[in-house]
Amino acid sequence: MKAVHPSPLLKFALLVDAAVSGAMGVLQLSAATALAALLDLPQPLLLGTGEFFVVYALLLVGMATRARLWSALVMLIVVGNGLWGLACVALLAAGALAPNALGVGFVLMQAVAVSVFAWLEWRGLRSSAPASDASRAALS
């Protein structure tokens with residue numbers, strides 16, 4: 001597996017993704033009832049995604065603070081963010097959710113944010129230096 005020394009852009013992108021995801025998770029967990037009423041979104045959806053965001057943010061902080069990363073793990077984050085964005089749009093397009101205008105904006109804002117994070121993380125990965133064989137052995 002290919003390992004890299006994360007570029008400053010990759011570290012920055014992971015940390016910003018972590019900060020936004022963590023803040024969103026805390027907001028959704030602490031105000032799920034109010035958000036559900038304000039946005040016309042299901043409270044269980046807000047709670048479930050809020051829990052995911054908090055755990056995901058912790059993973060990203062751990063990744064951003066490492067001297068070496070598996071490039072496949074970073075690509076998993078990139079693809080996951082891209083799929084999250086598509087899923088947000090698909091949920092709205094399919095009529096699986098019936099949010100009000102604020103709720104639509106909330107979901108679309110997530111789609112845009114994760115798409116930007118995916119692009120930044122991908123660019124950051126591309127600008128990361130390959131790790132040496134000795135560095136790769138340390139990751140195993």
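To be clear, the structure that these remarks concern was listed above.
### Some remarks on the nonpolar core
By size, the foremost hydrophobic cluster in this structure holds 15 residues, and its most contacted members are L10, L14, L60, M63, L69, V74 and I77. Elements that contribute at least two residues to this core include exactly α1 (8–30), α3 (43–64), α4 (71–93) and α5 (101–126). With 5 residues, the single largest contributor to this core is α3. Discounting residues that sit within four places of it in the chain, L60 has contacts with L14, D17, A18 and I77.

### As for α4
Over its 23 residues, α4 runs 33 Å from end to end, which matches the ideal 33 Å to within 8%, given 1.5 Å per residue. Every buried residue of α4 is listed here: S71, V74, I77, V78, N81, G85 and C88. Elements that come into contact with the buried residues of α4 comprise β1 (3–5), α1, α3, β2 (69–70) and α5. At the C-terminal side of α4, G95 shows a positive phi close to 75°.

### Description of the packing of aromatic side chains
Under the counting rule described, the total for this entry stands at 4 aromatic pairs. Note on F52 and W84: the rings are 5.3 Å apart at their centroids and 10° apart in plane angle, and the pair reads as stacked. Taken together, the residues F52 in helix α3 and W84 in helix α4 connect sequence positions 32 residues apart. Residue class for W84 comes out partly exposed when judged on its relative accessible area of 23%. Ring pairing ties together the aromatic residues F52, F53, Y56 and W84, which thus form one cluster.

### Here's the deal with the sheet that holds strand β3 (residues 129–130)
Pairing is antiparallel across the open sheet formed by 3 strands, whose spatial order is β2-β1-β3. Looking along the sheet, the strands with just one partner apiece sit at the ends: β2 and β3.

What counts and how
Residues numbered from 1 in each chain as written. Predicted model: local features only at pLDDT ≥ 70, side-chain atom pairs only at ≥ 80, totals over all residues. Heavy atoms only, no water. Core = buried A, V, L, I, M, F, W, Y, C linked by side-chain atoms within 4.5 Å. Buried < 20%, exposed > 50% of the residue type's maximum accessible area, 1.4 Å probe, protein only. Helix = DSSP H or I, 4+ residues; strand = E, 2+ residues; numbered from the N terminus. Contact = heavy atoms within 4.5 Å. Expected span 1.5 Å × (residues − 1). Phe/Tyr/Trp six-rings, centres within 6.5 Å; stacked < 30°, edge-to-face > 60°. Pairing = 2+ DSSP bridges.

Honestly, it's all geometry; don't read function into it.
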